[in-house]
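Here is what each chain is made of, one letter per residue.
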Amino acid sequence: MTETTAFDALDPNPVVGDAFGALLRSVHTGSGGAGAIERDDGQIEPHDAYGYFTGPPEWSPLDRQACAAATGTILDIGCGAGRHLLTLQEHGRRVVGIDVSAGAVEVARERGALDVRCLGLDEVGGLDMRVDTFLMLGNNLALLGSAAAAPARLAALAEVAAPGARILGTNIDPYGADGPVPDRHARYHAANRAAGRLGGQLRIRARFGRLADEWFDYLLCSTDELTDLLDGSPWRLAELTPAPDGPGYLAELRLR
Ligand SMILES: C[S@@+](CC[C@H](N)C(=O)[O-])C[C@H]1O[C@@H](n2cnc3c(N)ncnc32)[C@H](O)[C@@H]1O
């Protein structure tokens, strides 16, 4: 018998829906976590969702550092199944999660999250709270999306920020901080630049079974590019922590 792979299970003609939420529910109910991430150049890579259900010992050191540093009222942006939020909550912290995926929100609630809302980053300005620490973990600093979208998103976060607020976010430098960039990525970066975008602006969507998410922009960027994005924004780069291995980093942004 041949083994079923994530790719075998993907529908060649997907229906647009909450693929990421369905993938998280599948892991949550013990039915497997083999999804995929599709990039708009046709690249489809397996995406194992079990990591979204892990506890601190299995997290990256950067995620542990960010959660330990989170203070006051915390907003976990793109909280997924709630791994960071639930840990903070267990430690008595006031933490609210938001996620654009209704399925992710349901799973986080079923796992015990007390305050999770189905809300996108662009709608954060309407929140009835003042936030001391914004968490954008699991590389979610990339939800800034693009050089074009980032200014409005950074401004929206500042609208609900308490004085002295911080954003603690992780991201990946896509340009070979970790060794040579594979040709298919180098070509993608070059095509982006030719179109006037930052090289690491990925247009991606999650796939799971017959479902595909809506396409969205996910901005992997170097720390120099991040510094440029913050220019003229309400936030300044206060600290950078490189990952002990690989091209990831944790950025601490402070309200000016
Ligand atoms: C890579 S996962 C990270 C999940 C979680 N932070 C973690 O590390 O376990 C990205 C999450 O961001 C959510 N997301 C994507 N776009 C978003 C947006 N515009 N606003 C809020 N959440 C978004 C996705 O639904 C998904 O749950």
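The coordinates are above.
What counts, and at which threshold
- Residues numbered from 1 in each chain as written.
- Predicted model: local features only at pLDDT ≥ 70, side-chain atom pairs only at ≥ 80, totals over all residues.
- Heavy atoms only, no water.
- Near = heavy atom within 4 Å.
- Polar contact = N/O pair within 3.5 Å; in protein donor to acceptor, adjacent residues only side chain to side chain.
- Areas by Shrake-Rupley, 256 points an atom, 1.4 Å probe, with all protein chains shown as cover.
- Disulfide = S-S within 2.5 Å.
- Buried < 20%, exposed > 50% of the residue type's maximum accessible area, 1.4 Å probe, protein only.
- Helix = DSSP H or I, 4+ residues; strand = E, 2+ residues; numbered from the N terminus.
- Salt bridge = Lys/Arg side-chain N within 4 Å of Asp/Glu carboxyl O.
- Core = buried A, V, L, I, M, F, W, Y, C linked by side-chain atoms within 4.5 Å.
- Contact = heavy atoms within 4.5 Å.
- Lys, Arg positive; Asp, Glu negative; His and termini not counted.
- Phe/Tyr/Trp six-rings, centres within 6.5 Å; stacked < 30°, edge-to-face > 60°.
- Lys NZ or Arg CZ within 6 Å of the ring centre and 35° of its normal.

S.K.: Where do I start with the site of the ligand in this structure?
M.R.: Taken together, the neighbourhood of the ligand is formed by 17 residues, with Gly78, Arg83, Asp99, Leu121 and Leu137 sitting nearest. At a separation of 2.7 Å, an oxygen atom of the ligand approaches a polar side-chain atom of Arg83. Taking Asp99, its side chain carries an N or O atom lying 2.6 Å from an oxygen atom of the ligand. Burial of the ligand by the protein amounts to 89% of the accessible area it has alone, namely 600 Å².

S.K.: What is the right way to look at the state of the cysteines in this model?
M.R.: Covalent bonding between the sulfur atoms of two cysteines defines a disulfide. All chains considered together, the criterion is met by zero disulfides. For the unlinked cysteine Cys67, the closest cysteine sulfur is that of Cys79, found at 12 Å. For Cys67, a relative accessible area of 6% puts it in the buried group. Here Cys118 is not cross-linked by a disulfide; its sulfur's nearest cysteine counterpart is in Cys79, at 9.5 Å.

S.K.: Please explain the environment of Gly120 as it appears in this structure.
M.R.: Here Gly120 lies in the loop between strand S6 (116-118) and strand S7 (131-136). Here Gly120 falls in the buried class, since its relative accessible area comes to 9%. Residues Gly120 and Ile98, 22 residues apart in the sequence, show an inter-C-alpha distance of 7.0 Å.

S.K.: So what exactly am I meant to see when it comes to the pattern of salt bridges here?
M.R.: Side chains carrying opposite charge are able to pair once their charged atoms draw close together. Applying the stated criterion across every chain, the model contains 13 salt bridges. Here Arg25 ties to Glu110 by a salt bridge, and the two come within 2.7 Å at their closest N and O atoms. Residue Arg25 is located in helix H2 (residues 19-28), and its partner Glu110 is located in helix H5 (residues 102-110); the two are separated by 85 residues in the primary sequence. Classification of Glu110 as partly exposed rests on a relative accessible area of 48%. The salt bridge partner of Asp63 is Arg83, with a shortest N-O separation of 3.9 Å. Taken as a pair, Asp63 in helix H3 (residues 61-69) and Arg83 in helix H4 (residues 83-90) lie far apart in primary sequence, 20 residues in all.

S.K.: Can you help me understand the nonpolar core in this one?
M.R.: Among soluble globular proteins, nonpolar side chains are generally buried collectively. With 39 residues, the main nonpolar core has Leu75, Ile77, Phe134, Leu157, Ile167 and Trp235 as its most contacted residues. It is helix H6 (residues 150-159) that provides the largest number of residues to this core, a total of five residues. Apart from the residues lying within four places of it in its own chain, the contact partners of Ile77 are Ile98, Leu121, Phe134, Leu135, Met136, Asn140, Leu143 and Leu157. In this structure, Leu62, Ala70, Val105 and Ala108 belong to the second largest nonpolar core, which totals 20 residues.

S.K.: Could you clarify how one ought to interpret unusual backbone geometry in this entry?
M.R.: For Asn139, which is not a glycine, the phi torsion comes out positive at approximately 65°. Along the chain, Asn139 turns up in the loop between S7 and H6.

S.K.: What is the right way to read the side chain of Asp173 from this model?
M.R.: On the secondary structure map, Asp173 appears in the loop between strand S8 (161-172) and helix H7 (183-194). Although buried, Asp173 forms no salt bridge, and the nearest oppositely charged side chain, Arg193, lies 8.0 Å from it. Here the side chain of Asp173 touches Tyr175 through a polar contact of 2.8 Å, landing on its backbone nitrogen. Excluding anything up to four places from it in sequence, Asp173 contacts Cys221, Ser222, Pro247 and Tyr249.

S.K.: In this structure, what is going on with the packing of aromatic side chains? I would like to understand it.
M.R.: Each aromatic ring pair is summarised here by two numbers: the centre-to-centre distance and the angle between the ring planes. With the rule as written, the count across this model stands at three aromatic pairs. Both rings, one in Phe20 and one in Tyr52, keep their centres 5.3 Å apart while their planes meet at 75°; by these two values the pair is edge-to-face. On the criterion of sequence distance, the pair formed by Phe20 in helix H2 and Tyr52 in the loop between strand S3 (44-48) and H3 is long-range, its members being 32 residues apart. The partly exposed category is assigned to Tyr52, whose relative accessible area is 23%. In this structure, Arg39 packs its charged tip against the face of Tyr188, placed 4.1 Å from the ring centre.

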